[in-house]
Amino acid sequence: MNDYQTFEMEEKDANLGKVEISPEVIEVISSIAATEVEGVSAMRGNFATGVVERFGKKSLGKGVKVELSEEGINIDVFVTMNFGVSIPDTAEKIQENIRLTLHTMTALEPNRIDVHVVGVQFEGKVDPALEEDQEF
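Overview of the structure. Predicted model, so just to flag it, every value in this text is computed and none were measured.

1. Observations concerning the pairing of strand β5 (residues 73–82)
Here's step 1: In terms of burial, β5 is a largely internal element, 9 of the 10 residues being buried.
Here's step 2: Pairing analysis gives 3 bridges linking strand β3 (residues 40–43) to β5, with the strands arranged antiparallel. Paired with Val40 across the strands is Met81, a residue of β5.
Here's step 3: The loop that links strand β4 (residues 64–68) with its antiparallel partner β5 comprises 4 residues; one of these, Gly72, has a positive phi angle of about 145°.
Here's step 4: Relative to strand β6 (residues 112–121), β5 is paired through 9 bridges, and the arrangement is parallel. Its bridge partner lying in β6, Phe78 is registered against His116.
Here's step 5: Handedness of the β5-helix α3 (residues 87–106)-β6 crossover: right-handed.

2. Here's the deal with the nonpolar core
Here's step 1: Ranked by internal contacts, the top residues of the largest apolar core, which has 22 residues, are Ile26, Ile75, Val77, Val79, Ile94 and Ile98.
Here's step 2: The leading source of residues in this core is β5, at 5 residues.

3. A closer look at the pattern of salt bridges
Where charged atoms of side chains with opposite charge meet at close range, the side chains can pair.
Here's step 1: The final tally for this structure, using the stated rule, is 5 salt bridges.
Here's step 2: Among the salt bridges present, the one from Glu20 reaches Lys18, with a minimum N-O distance of 3.3 Å.
Here's step 3: The residue Arg112 makes a salt bridge to Asp114 at a minimum N-O spacing of 3.0 Å.
Here's step 4: Exposure remark for Arg112: the relative accessible area of 44% places this residue in the partly exposed category.
Here's step 5: Overall, Asp114 belongs to the partly exposed group, its relative accessible area being 23%.

4. Some words on the packing of helix α1 (residues 23–35) against α3
Here's step 1: Between α1 and α3, the least distance of the axes is 9 Å, while the angle of their chain directions is 135°. On the basis of their axis angle, the class for α1 and α3 is oblique. By crossing handedness, the relation of α1 to α3 is classed as right-handed. Two secondary-structure elements touch here, α1 through Ile26, Ile29, Ser30, Ala33 and Ala34 and α3 through Ile94, Asn97, Ile98, Thr101, Leu102, Met105 and Thr106.
Here's step 2: Tallied by class, the residues present in the contact of α1 with α3 amount to 8 nonpolar, 4 polar and no charged.

What counts as what
- Residues numbered from 1 in each chain as written.
- Predicted model: local features only at pLDDT ≥ 70, side-chain atom pairs only at ≥ 80, totals over all residues.
- Heavy atoms only, no water.
- Buried < 20%, exposed > 50% of the residue type's maximum accessible area, 1.4 Å probe, protein only.
- Helix = DSSP H or I, 4+ residues; strand = E, 2+ residues; numbered from the N terminus.
- Pairing = 2+ DSSP bridges.
- Right-handed = clockwise from strand over helix to strand, strands pointing away.
- Core = buried A, V, L, I, M, F, W, Y, C linked by side-chain atoms within 4.5 Å.
- Salt bridge = Lys/Arg side-chain N within 4 Å of Asp/Glu carboxyl O.
- Axes fitted to C-alpha atoms, helices over the stretch in contact; angles between N-to-C directions.
- Parallel < 35°, antiparallel > 145°, perpendicular 65-115°, else oblique.
- Left-handed = near helix turned anticlockwise from the far one by under 90°.
- Contact = heavy atoms within 4.5 Å.
- Nonpolar A, V, L, I, M, F, W, Y, C, P; charged D, E, K, R; others polar.

Okay, here's the thing in structure tokens:
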């Protein structure tokens, strides 16, 4: 069984062949579209993403999980938002921007786009490790 999963596009002209889109491409497009929304501070990655980024390779699909189900494409987006923004409004803008960007770039329509707010970024936040080293 082939573990490499792709999304096949509709064939418009059978003479030209077929187009397949990797889920990683959808992750990258969705991640970039989410970070374009005002109020999004960062995307959350997992432990492996953090380790890879420390070695110099940037993970562009960080904070996005794409799943292919019988109903269609399901996208989970994990974001940290800036303090003071309306979370429901910003989450709706994230969903709309991802849907629009995916439709424009790939002609795919996602079934679901779930936004998970995993944190709030405060302005001027000081790293607690640095704060403990200072003596007053």
